[in-house]
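# Results of the structural survey
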Amino acid sequence: MAQQLADQPIDEVADTTAADSANPGFAARHIGPDDDQRATMLRAVGHDSLAGLVDGALPAKIRLHEALDLPDPLTEAQALARMRELAALNNPLRAMIGLGYHGTITPPVIRRNVLESPAWYTAYTPYQPEISQGRLEALLNFQTVVADLTGLPTAGASLLDEGTAVAEAVQLARRNVRKGSVAVVDAGILPQSLAVLRTRAEAMGIDVVVADDLVAALQSNEAFAVVVQTPTADGVVRAADELGAIADKAHENGALVIAAADLLALTVTRAPATWGADVAVGSTQRFGVPLFYGGPHAGYIAVRDKLERTLPGRLVGVSKDAAGTPAYRLALQTREQHIRREKATSNICTAQVLLAVVAGMYAVYHGPRGLARIAETIMHRTRRLAAALDAAGHPPVHRSFFDTLLVEVPGRADAIIAAARDGGVHLRRIDADHVGISVGEDAEEADLAAVAAAFGAELTGRELGDLAGQTRDTEYLTHPVFNSHHSETSMLRYLRALSDRDFALDRGMIPLGSCTMKLNATAEMEPISYPGYAELHPFAPAEDARGYRELITELEDWLARVTGYAKVSVQPNAGSQGELAGLLAIRAYHRSRGDDQRVVCLIPSSAHGTNAASAAMAGMRVVVVAATADGSVDLTDLRAKIDSHRDELAAIMVTYPSTHGVYEETITELCALVHDAGGQVYVDGANLNALLGHALPGRFGADVSHLNLHKTFCIPHGGGGPGVGPVAVGEHLTPFLPNHPLASEAGPESGVGPISAAPYGSAGILPISWAYIAMMGADGLRSATEHAVLAANYVAARLREHYPVLYAGRGGLVAHECILDLRPLTKASGITVDDVAKRLIDYGFHAPTMSFPVAGTLMVEPTESEDLIELDRFCEAMISIRGEITRVESGEWPAQDNPLINAPHTADQVSADEWDHPYPRRIAAYPSGLHRGPIAGAGHDKYWPPVARIDGAFGDRNLVCSCPPPEAFE
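All chains use their own residue numbering, which begins from 1 and follows the written sequence. Totals for whole chains, interfaces and linings use all residues, but because this is a predicted model, local features are given only for residues with pLDDT of at least 70 and pairs of side-chain atoms are given and counted only at 80 or more. Derived side-chain values reflect all non-hydrogen atoms in the structure, with water molecules and hydrogen atoms excluded from consideration.

Two numbers describe how helix H9 (residues 133–150) lies on helix H15 (residues 353–391): the axes approach to 8 Å, and their chain directions differ by 65°. In terms of orientation, H9 lies roughly perpendicular with respect to H15. In the crossing of H9 with H15, the sense of the turn from one axis to the other is left-handed. Side by side, H9 and H15 meet where Ala-138, Leu-139, Asn-141, Phe-142 and Val-145 of the first sit next to Val-353, Ala-356, Val-357, Ala-359, Gly-360, Met-361, Ala-363 and Val-364 of the second. Geometry is summarised by axes, namely lines fitted to C-alpha atoms with helices restricted to the contacting stretch, and by angles between N-to-C directions that run from 0 to 180 degrees. Under the scheme used here, helices are H or I runs from DSSP no shorter than 4 residues and strands are E runs no shorter than 2 residues, and both carry numbers assigned from the N terminus. Between 65 and 115 degrees an angle is taken as roughly perpendicular, under 35 as roughly parallel, over 145 as roughly antiparallel, and anywhere else as oblique. Helix crossings get a hand from a simple test, with the near helix turned counterclockwise from the far one by less than a right angle marking a left-handed crossing and a clockwise turn marking a right-handed one. Whether two residues are in contact is decided by their heavy atoms: any pair within 4.5 Å suffices.

Printed below as a string of structure tokens:
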């Protein structure tokens, strides 16, 4: 159908799409409003068609006048059948390759009730802590697991993967140690971690020195950090005395010690803190998270005292609510990029919350004894395999190991790996003479026997090997939560109790501006659990990953077509990493032309904080461009900044539509000005949901963009991750896309290096976006954009007389989001944007984005997936809140005692014997009315927040970032 429509005028294409929506294909299921609702909404915004609305809002200069070049849409049944076909092309044998990715068993109770549960995967980052207590508790469990096993007091709420975590730890050390420019790195580091570190270090001016003898390297280099892999990539476990000597020498020289540690191995070996590590990083993948062909997986980081305030990423801490009840929230948020911009500790905007929850719950379910039992079983199986190989004349190169063997087999590596593959096992080819074997939790007796047979050996009960004298001598996971939920009944109820505390898309609209909280359809989500996708190792042979390769090739091609770029790489596993990849490509392009001096990156004052943080990480110097009164980029100031930095100009980073929710008329002129000065144009793809099918950034002047598959292309936010941030580039930048040392086909040889640890980043969730595009098709994607713009303009039209809409474009229209200005109301009444956000909880809503990009405002993005009933429910709540503010302004309710400043109201508060507020309990608890009886057409049961308003400052002053003792809740 897309091809048939390609030659029609754009108005006819849009009208045909609208007419077809009566036919319940997938697009009609994804898009909320039906025909009647759409007509009502169009009347409210003063237009008689979607085509007319888009014509009125979108600048003609950037309009696309043909349909997107995509295949005809598939039905849900067809898409699922195709996904099964692709999964069947993958051959996930028993993964015994290692290199930081290990076979694990996801407990079904966790897979079904976390990984596959919309209550968990459709939630947003917990910036509204009162309605996020469930996942905040789950993240605190995760942090406690990491802190206990590493012996370091403060652990973060996850990072993107182990390679990124190593790089982040080195940057943390650089910020805390003012001497030296060298990071000494263990020769035994995982190769992908070293490559990611080199990519980051080159841009930041850090010298990486790789050494076998770390003490000698510390003596001969002025180092600020040393990275110690334990066990090493080849499986070596060092003695505690040897590790201690490395740490002593580093500390003597004023350097920080970073341990890249296998978390499961730490259940039976010494905690890094006991031998002198200052920082510990790694992956929690083997704590029940499927291999997913490399991701998504939750990296971890933990630090000693006095380093927590430079910790990258999110950090969950304990505080208290207005009633004094202990409660959780994100701690030390002033560290983060959205506040510190180019001075931020990291450009990490999100993490891997859903996977961190899985890993934390794996520890809760198994408990300390269960984890130790799993580790010991792996260790003993590896020793039996070592003994069998030794008896057959292939003794392991190293005798101290946990789960990984390095075996020398002169000239026979390929034959042995092939024999093991025939036996159903993937082994690691190191070179023609060496084979690596890593035993995971899922390895069974038959797998061990198959490996032994590949070497001509026979498995017996004999064991060989040790832990170099290491023995875990400190307790871990002593908190009751890790010793209570070991039956499935108890675990199921714990997970349900936590999810009931949270507000996610399965409960109602989440109108967060710049976040695009749209439907994550079940047909898109289902395939990620198929074994063909979930159980494949990222370094499996290419012939065993044909399904993934085909899917990735198709997805990258589709993404290039819908954005107008020449090439896309899906490797970046977050939007922030896509930004970094794009900026590194620009930097490499200038250098390839001898323009090394081009390091200035122009960034509008309204830009998201990750833009500036990413530019700084790419080795660029940020220069801010002013905004005009209507929120657009000030072209006069832009010209002045270009003139001042013409010879140094590397790029400009702009978001389109702007972060103010407006289609700026001058975007093509902006691109031309930068290009004329020799710079490149980076268009942030955060707001692509307002362009798809109607404009192509790669055609209207942009050279590079990152895309957010977790926004526009339906990957769920997972409570704060996972995400995918593909980088899309013009033809001249394709030589500088990310690549990978272990997968030559993952990028160009001339590329900037890997951005993520795995060749294809978070490959395991790419089927979601593939399915979305495949089922929507060209006209479905176009229609989604139109309905997103319609929804935002409908909300703006309904609320404009109650709250000023801060910015608008042509004809008073906004793009896909609108900003409501509460500052006049705050000045008149004392009611703040925080008060309104918390009051919305009482009405059964997640608040819009608060104070971004303008302090004292709410940015609303309803998306195309919400129907008119839900949009009206939100608008009526906001109108009712405006009425409440009027009662405060008039003095009817005291400024210090009213339902807004006391919000949100808990069941405990409104059912208490005492009630001394000047408003009735009914207004506190049921401001939009009490629903009785069946849900039927449009009923809503009351959502009760588990805690009252949380005191964030108290938590920052009294920092506690691991599970508090039960007595704290008495």
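As defined here, a cavity is a set of points on a 1 Å grid over the protein atoms alone where a 1.4 Å probe fits but cannot get out. A pocket is an open set with protein on both sides within 12 Å along at least five of seven lines, and residues line them when an atom is within 4 Å of a point. Grid points are joined across faces, edges and corners, and a volume is the space filled by probe spheres set on the points. Counted according to the given criterion, the structure contains 7 cavities of 30 Å³ or more. The calculated volume of the largest cavity comes to roughly 230 Å³. Every residue lining the largest cavity is counted, 20 residues in all, and those nearest its centre are Gly-100, His-102, Leu-190, Gln-229 and Asp-262. Computed from the structure, the second largest cavity encloses a volume of approximately 120 Å³. In this structure, the second largest cavity is lined by 21 residues; those nearest its centre are Tyr-101, Asp-161, Glu-162, His-297 and Ala-757.

Within the open sheet, the 3 strands sit side by side as E11-E14-E13. Their pairing is antiparallel. Looking at the sheet topology across the chains shown, the edges are occupied by strand E11 (404–408) and strand E13 (428–431). Taken over all neighbouring pairs, the strand axes of this sheet differ in orientation by 25° on average, direction set aside. Strand pairing requires that DSSP identify at least two bridges connecting the strands. Note: E11 against strand E14 (residues 434–438), 5 bridges, orientation antiparallel.

Once that is clear, we can look at the UniProt feature "domain: Glycine cleavage system P-protein N-terminal" (unreviewed entry) in the chain. UniProt positions are given in the numbering used here, feature names are shortened, and annotations may be inferred rather than shown by experiment. The UniProt record annotates "domain: Glycine cleavage system P-protein N-terminal" (unreviewed entry) at residues 29–454 and 482–738. For residues 482–738, the helix share is 35%, the strand share is 12%, and the end-to-end C-alpha distance is 40 Å.

Our next topic: the environment of Asp-55. Within the element layout of this structure, Asp-55 appears in helix H5 (residues 50–57). Sequence separation of Asp-55 and Arg-810 is 755 residues, and the distance between their C-alpha atoms is 10.0 Å.

We now examine the confidence of the model for the chain. Detailed conclusions should not be drawn from predicted coordinates in areas where pLDDT is low. Looking at the chain, pLDDT values average 94 and 95% of them are 70 or higher. Taken together, the stretch residues 1–23 has pLDDT below 50 and engages in 38 contacts with residues farther than four places along the chain or on a different chain. The predictor attaches a confidence to each residue, called pLDDT, with possible values from 0 through 100.

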